[in-house]
Amino acid sequence: MKTVIISNRLPVKIIEENNEYTLIPSEGGLATGLGDVYKSGNSIWIGWPGIEVPDERQEEVTQKLAALNLYPVYLTQNEINLYYEGFSNEVLWPVFHYLVTYAHYEQSYWDCYQSVNDKFAKSAMQVLDRKDKIWIQDYQLLLLPGILREKLPNATIGFFQHIPFPSYEIFRLIPWREELLNGLIGADLIGFHTFDDVRHFISTATRLLPVNSSSNVLNSNERQIVVEAFPMGIDYDKFSGLTATEEVQKEINYFRAGKEDMKVILSIDRLDYSKGILERLKALELLLQHYPEYIGKIELFMIVVPSRDTVPKYSELRDQIDQFVGNLNARYRSMNWIPVNYFYRSFPIEVLSALYATADICLVTPMRDGMNLVSKEYVASRNNNDGVLILSEMAGASKELTDAIIVNPNNLGDIMEAIVTALKMPLAEQKLRMKAMRAIVEKFNVKHWVNNFILRLNEVKDSQKSLLTK
Ligand code: G6P
């Protein structure tokens, strides 16, 4: 019996250079969070390797991935356009992040979303044994639990959504809302990061489908579906341990050289309008206007990791960030200082670890975020217990990291004041807060998350079996 993880994207992606394929880690919370854990158990992972691979090269790629227990689902360019960029990222992503005016309800997107979910089911059927546990991840595959349930009525199916589940008033806007929910309730256990997501999902399902709920259980046609919150964690030991390595120490010395008195504010995100990147920049501008004494004394070190930049709203955002940063730097810079050190690229984990370990403040202000693992990675990297986390109340992580300075990301004045508070925070208070947050991140780590979900999935399945035999 094995666990079969299925997600849109594999934890590694293929890049092509000079006709050679190489595997590199994928970006984003799902891949970075689960990417290492699946290796430790008896599991395989099914998903898309990130680019279109021509038919004649697929065998070669399949072999490379098989060595890592990864099993590819190949998508054509048309499927990438309509299912991934289209339905997943121009309908579900904006609506689930409450940006309803960004959604494009195209019939062709929906048709392709259905056929690609079918395609994932067909791939899964090739590797599934009857007793396997199936664990489906995220919004790109909402129909998959239902499709697999039809094929394997007794299968053990878990589903976890890594992004928020919106309130009923938002979800009901989607033209294919019942179909999506019917797909989801093919699972035995449905997990979200927070209790609010659970609440929204249950209220949506009971209003739109012929199901009723008692507490966190949905009852539909003799099947019971359990819906629960499982706040995702990170690999605490990895981040905490990395900072002591020689390579990371070298990076730390390199960053800090000549900046001994500079306060560094760190910001790391995938390119995404849900992350509040522009708002963060505007808050910094406000701070430089209202507190000119900090000019030349603070620096925003901002990494934006390229993501989905073929989707128009993402490329527009990239242009807006370029423009804003250029303008702000041009107005405020001096001969030997710039307010924003901006990078549009990804970095190896050692560099990120060094930045986490050395930044005085980490500024995480998404407009809405399922969890946000960057905030937890920062905390895990603060082995001296110093540093200040500023965290949006719209991020799932704010429910756990209550010792951060919590801000409303729409309130630029609030972010500005939070930065000033962080800059002035006495070391003793920093340590008190950081210690408390580190204890939480250490205890509720990603292994705990995986074990907890799988344990509950087994329990839910067992209790269904005993109901049937009564
Ligand atoms: C978020 C989503 C993941 C997704 C990741 C990266 O974390 O929850 O499902 O994989 O972003 O986005 P991408 O579109 O590049 O897979």
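Residues numbered from 1 in each chain as written. Predicted model: local features only at pLDDT ≥ 70, side-chain atom pairs only at ≥ 80, totals over all residues.

1. Structural notes on the site of the ligand
Condition: We call a residue near a molecule or strand when the C-beta position, derived from backbone atoms, sits within 6 Å of it. The classification used treats Ala, Val, Leu, Ile, Met, Phe, Trp, Tyr, Cys and Pro as nonpolar, Asp, Glu, Lys and Arg as charged, and all other residues, Gly among them, as polar.
Looking at the ligand, the residues that line it are R9, E27, G28, G29, L30, A31, D138, H162, I163, S307 and R308. Of the residues contributing to the shell around the ligand, the split by class is 3 nonpolar, 4 polar and 4 charged.

2. Things to note about the packing of helix α15 (residues 373-381) against helix α17 (residues 427-443)
Note the following rule: In this description, a line fitted to the C-alpha atoms serves as the axis of each element, helices being fitted only across the stretch in contact, and the angle between N-to-C directions of two axes falls anywhere from 0 to 180 degrees. Here a helix means four or more residues in a row that DSSP labels H or I, a strand means two or more in a row labelled E, and each is numbered from the N terminus. For classification purposes, an angle smaller than 35 degrees is called roughly parallel, one larger than 145 roughly antiparallel, one from 65 to 115 roughly perpendicular, and anything else oblique. Crossing handedness is defined as follows: a turn of the near helix away from the far one that is anticlockwise and smaller than a right angle gives a left-handed crossing, while the clockwise case is right-handed. Contact definition: two residues whose C-beta atoms, as placed from backbone geometry, lie within 7 Å.
Interhelical geometry of α15 versus α17 gives an angle of 115 degrees and a closest axis separation of 9 Å. In terms of axis orientation, α15 runs roughly perpendicular to α17. Once α15 is placed against α17, the crossing between them reads as left-handed. For the pair α15 and α17, contact is made by K376, V379 and A380 and by M434, M437, R438 and V441, respectively. Among the residues making up the contact of α15 with α17, the classes are represented as 5 nonpolar, no polar and 2 charged.

3. A short note on the sheet that holds strand β7 (residues 156-160)
We apply this condition: A pair of strands is considered paired only if DSSP assigns at least 2 bridges between the two.
Read from one edge to the other, the open sheet built from 9 strands follows the order β5-β4-β1-β6-β7-β8-β11-β10-β9, with strand pairing classed as mixed. Only two strands of the sheet have a single partner each, and these edge strands are β5 (70-72) and β9 (212-214). Shown here is a sheet whose adjacent strand axes are inclined to one another by a mean of 20 degrees, direction ignored. Across 3 bridges, the pairing between strand β4 (residues 43-48) and β5 is parallel. Pairing of I46 across the sheet is with Y71, part of β5. Sheet contacts for helix α6 (residues 144-151): β1 (3-9), β6 (133-137) and β7; angle to β7, the most-contacted strand, approximately 175 degrees.

4. Concerning the nonpolar core
Filter applied, for reference: Only buried residues count toward a nonpolar core: Ala, Val, Leu, Ile, Met, Phe, Trp, Tyr and Cys, linked into one set through C-beta atoms within 7 Å. Here a residue counts as buried when 20 or more other C-beta atoms fall within 10 Å of its C-beta, as exposed when 12 or fewer do, and as partly exposed in between; the C-beta atoms come from the backbone.
By size, the foremost hydrophobic cluster in this structure holds 136 residues, and its most contacted members are I6, I361, L389 and I390. Per-element tally for this core: the top contributor is helix α4 (residues 77-96), with 9 residues. Once residues lying within four places of it in the same chain are set aside, the contact partners of I390 are I361, L363, V364, T365, A404, I405, V407, A418, I419 and A422.

5. With respect to unusual backbone geometry
Across residues other than glycine, the phi torsion is negative in most instances, and most of the peptide bonds are trans. With phi around 45 degrees, N18 is a residue other than glycine that occupies positive phi space. You can see N18 is positioned in the loop between β2 (12-17) and β3 (20-25). Non-glycine residue N69 carries a positive phi angle of around 65 degrees. Relative to the assigned elements, N69 resides in the loop between α3 (58-66) and β5. Residue N69 is classed as partly exposed on the basis of its C-beta count, with 15 C-beta atoms lying within 10 Å.

6. Regarding the confidence of the model for the protein
So the rule is basically this: Every residue gets a pLDDT, meaning the predictor's confidence in that residue, from 0 to 100.
Overall, the predicted model of the protein reaches an average pLDDT of 96, with 99% of residues at or above 70. Model confidence for the protein, summarised as mean pLDDT per element, is weakest for helix α2 (residues 37-40) at 76 and strongest for strand β16 (residues 388-392) at 99.

7. A word on the pairing of strand β10 (residues 217-220)
Taken together, the 3 bridges between β9 and β10 define a ladder with antiparallel strand orientation. Within β10, the position partnered with S214 by the bridge is V217. Following β9, the chain reverses through 2 residues before pairing antiparallel with β10; S215 in that reversal takes a positive phi of roughly 55 degrees. Of the strand pairs in this sheet, β10 and strand β11 (residues 223-229) are connected by 4 bridges, and their pairing is antiparallel. Bridging from a neighbouring strand, V217 pairs with V226 of β11. Between the end of β10 and the start of β11, which pair antiparallel, lie 2 residues, with N221 showing a positive phi angle near 35 degrees.

8. A short note on the environment of K431
Along the chain, K431 turns up in helix α17. The class of K431 is partly exposed, set by 15 C-beta atoms lying within 10 Å. On a C-alpha basis, the gap between K431 and R223 in space is 49 Å, while along the polypeptide they are 208 residues apart. Among all residues touching K431, those that are not within four sequence positions of it are N385 and D386.

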